[in-house]
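# Descriptive analysis of the structure
Chain by chain, the residues run as shown.
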Amino acid sequence: MNSGQYGGVNQPPYGVYPGAYQTAPPAGVHTEKPPIAPYVGSLAQPAAASPEGPTLWKGEMPHDDVRDDPNRQAPAPSAPPITLMERLPGYENVGFQNEGFLPPPPYDASMQMPTIRPEVTNIPRISEDAAADALIQFASEHCCYGKKAARDCRILDMVHSSAFHYTLETFTETRATAWASQPFSGQPVDDPRYGPAPGAWDIPASPPQKFANACVKMEVPHTASVKPCHECFAMGFKRCWRCMGRGKVVCDSCGGSGRGMAHSADGHHRHESCVCCHGYGRKRCCTCNGDGRVVCGVCAGRTQLKWFIELTIKWDNNVLDHVVERTALPDELIRGVAGKLVFEEEAARVSPINHFPDEAVNQVSQESIQKQSQATLSLVLAQRQRVHIVPVCQCHAQFKEKPFQFFVYGFENRVHSPEYPQKCCCGCTLL
């Protein structure tokens, strides 16, 4: 067989292979016409039908029937040699997988506009009555907490403070290219004759929603071509992977003997015909229904593939957050409550906050923006930074001469009190 030529009796459906494949088509002469659609017949075999019969597969196959293995999986499809693919300007290094993201165009810092920031005012506080009511509600929500401590305790001191929840969102776009294929059934083919392929970053695309993750795939214009299927050598079918082309398999119940052991009521054993293969020792292959071949899973029996460069565009919303809080209240609790939005800024690139009354927030903003700029290698479409303020009140109280403290935080007046003085074991009742 000449290098790059189809070796069957019939000619390939279109042209010849443009290069030498690493493997040759299976041995033998393939005289049957390839199917043009996946097999849709029944996979069930007649109860007493013999599995013996001619197989439609005429290529290479083992001399003996293989043992049936219900757990056997179809082999993964292969990729053609990369040398068979066109070398298009700007896409010379494209492979069959997204091996890396393409570097984005540079950012023009001169387009960044100066920001005008309003002053932060109206810092919220939690009153003593609200703190007392919150503690009673907290005790009522715990079955093993006595409510008497919440009702009768004395609040000795209240220390008001504010926690700040800072978030920085960086909305980025990444692009990657790879060769992709689909069965060719006469659909339009946008090949290089219609013009040069545009650059990956020159193809317009908009995210479905801002500051939300999304992914789209699209065909790069003027990169398509039609080639014979490399997986089945343009036959439309392949040797069955379960029976290896023989159309039948060794019965996994009797091991090919055709006989099985039966147990009678009187305790004796006797041999009888295998109920799975009806005594033949072989079963018709349920994957190919005895044909010995299956429809090619790559071209779906169409014998040809449409190849094109596929562009994958991913939009990611990268979030950095930090809690500025100076009490013993865990930061996770601050993240779990609603705060009041006191600052929000959105731009192509935001600049660090420098006007906040708490200098720690300014420092966190500067560090987060610097960290995000060093971490991303994607195209930054937009950034958004927010500051939510959460009221926090640290209460020092006393119940029956026993001091304890609790925290009231958030506009929901949540309570955190690991030192609550009236706890009991499960099953006890305290009033």
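Every value quoted in this text rests on a predicted model; they were computed, and no experiment measured them.

### So, empty space enclosed by the protein
Following the criterion strictly, the structure yields one cavity of 30 Å³ or more and no others. Taken as a whole, the largest cavity holds about 30 Å³ of empty space. Forming the boundary of the largest cavity are E86, L88, W179, P192, T223, A224 and S225. Tallied by class, the residues present in the lining of the largest cavity amount to four nonpolar, two polar and one charged.

### Focus: the pairing of strand β10 (residues 304-324)
Pairing of strand β1 (residues 154-183) with β10, which is carried by 20 bridges, proceeds in the antiparallel orientation. Looking at β10, one finds that P183 is bridged to L305. Examined bridge by bridge, strand β2 (residues 214-219) and β10 share six bridges and lie antiparallel to one another. Its bridge partner being in β10, C215 is matched across the sheet by K314. Sheet topology places strand β3 (residues 225-228) next to β10; four bridges connect them, and they run antiparallel. When the sheet's bridge partners are listed, S225 is paired in β10 with W307.

### Quick notes on the nonpolar core
In terms of nonpolar packing, the biggest core is built from 22 residues, with Y91, W179, C229 and I309 touching the most fellow members. For this core, the elements supplying multiple residues, two or more each, are β1 and β10. When residues in this core are grouped by element, the largest group, six residues, is from β10. With 20 residues, the next largest nonpolar core counts C153, C393, F404 and F406 among its residues.

### A look at the confidence of the model for the protein
The pLDDT averaged across the protein works out to 83; a share of 82% of its residues lies at or above 70. Across residues 1-49, confidence stays below pLDDT 50; counting only partners more than four residues off in sequence or on other chains, it has 93 contacts.

### What to know about the side chain of R246
Tracing the backbone shows R246 in the loop between β4 (237-239) and β5 (248-250). Residue classification places R246 among the buried positions, given a relative accessible area of 18%. Within the structure, R246 has its side chain in polar contact with the backbone oxygen of P62 (distance 2.8 Å). The residues contacting R246, other than those within four sequence positions of it, are T55, M61, P62, H63, D64 and D65.

### Side note on the pairing of strand β12 (residues 379-399)
With 17 of 21 residues buried, β12 is to be regarded as a mostly interior element. Of the pairings in the sheet, the one linking β1 to β12 comprises 19 bridges and is antiparallel in character. Its bridge partner being in β12, L168 is matched across the sheet by Q385. As paired elements, strand β11 (residues 340-347) and β12 share seven bridges and run antiparallel to each other.

### Regarding the state of the cysteines
Scanning the entire structure with this criterion turns up zero disulfides. Take C285: it sits in no disulfide, and the sulfur closest to it among the cysteines is that of C240, at 3.7 Å. Between C395, a cysteine without a disulfide, and C393, which holds the nearest cysteine sulfur, the sulfur-to-sulfur distance is 3.6 Å. With relative accessibility at 0%, the residue C395 sits in the buried group.

Here is what the cut-offs are and how they apply
- Residues numbered from 1 in each chain as written.
- Predicted model: local features only at pLDDT ≥ 70, side-chain atom pairs only at ≥ 80, totals over all residues.
- Heavy atoms only, no water.
- 1 Å grid on protein atoms, 1.4 Å probe; cavity = no way out; pocket = protein on both sides within 12 Å on 5 of 7 lines; lining within 4 Å.
- Points joined across faces, edges and corners; volume = space filled by probe spheres on them.
- Nonpolar A, V, L, I, M, F, W, Y, C, P; charged D, E, K, R; others polar.
- Pairing = 2+ DSSP bridges.
- Helix = DSSP H or I, 4+ residues; strand = E, 2+ residues; numbered from the N terminus.
- Core = buried A, V, L, I, M, F, W, Y, C linked by side-chain atoms within 4.5 Å.
- Buried < 20%, exposed > 50% of the residue type's maximum accessible area, 1.4 Å probe, protein only.
- pLDDT = per-residue confidence, 0-100.
- Contact = heavy atoms within 4.5 Å.
- Polar contact = N/O pair within 3.5 Å; in protein donor to acceptor, adjacent residues only side chain to side chain.
- Disulfide = S-S within 2.5 Å.

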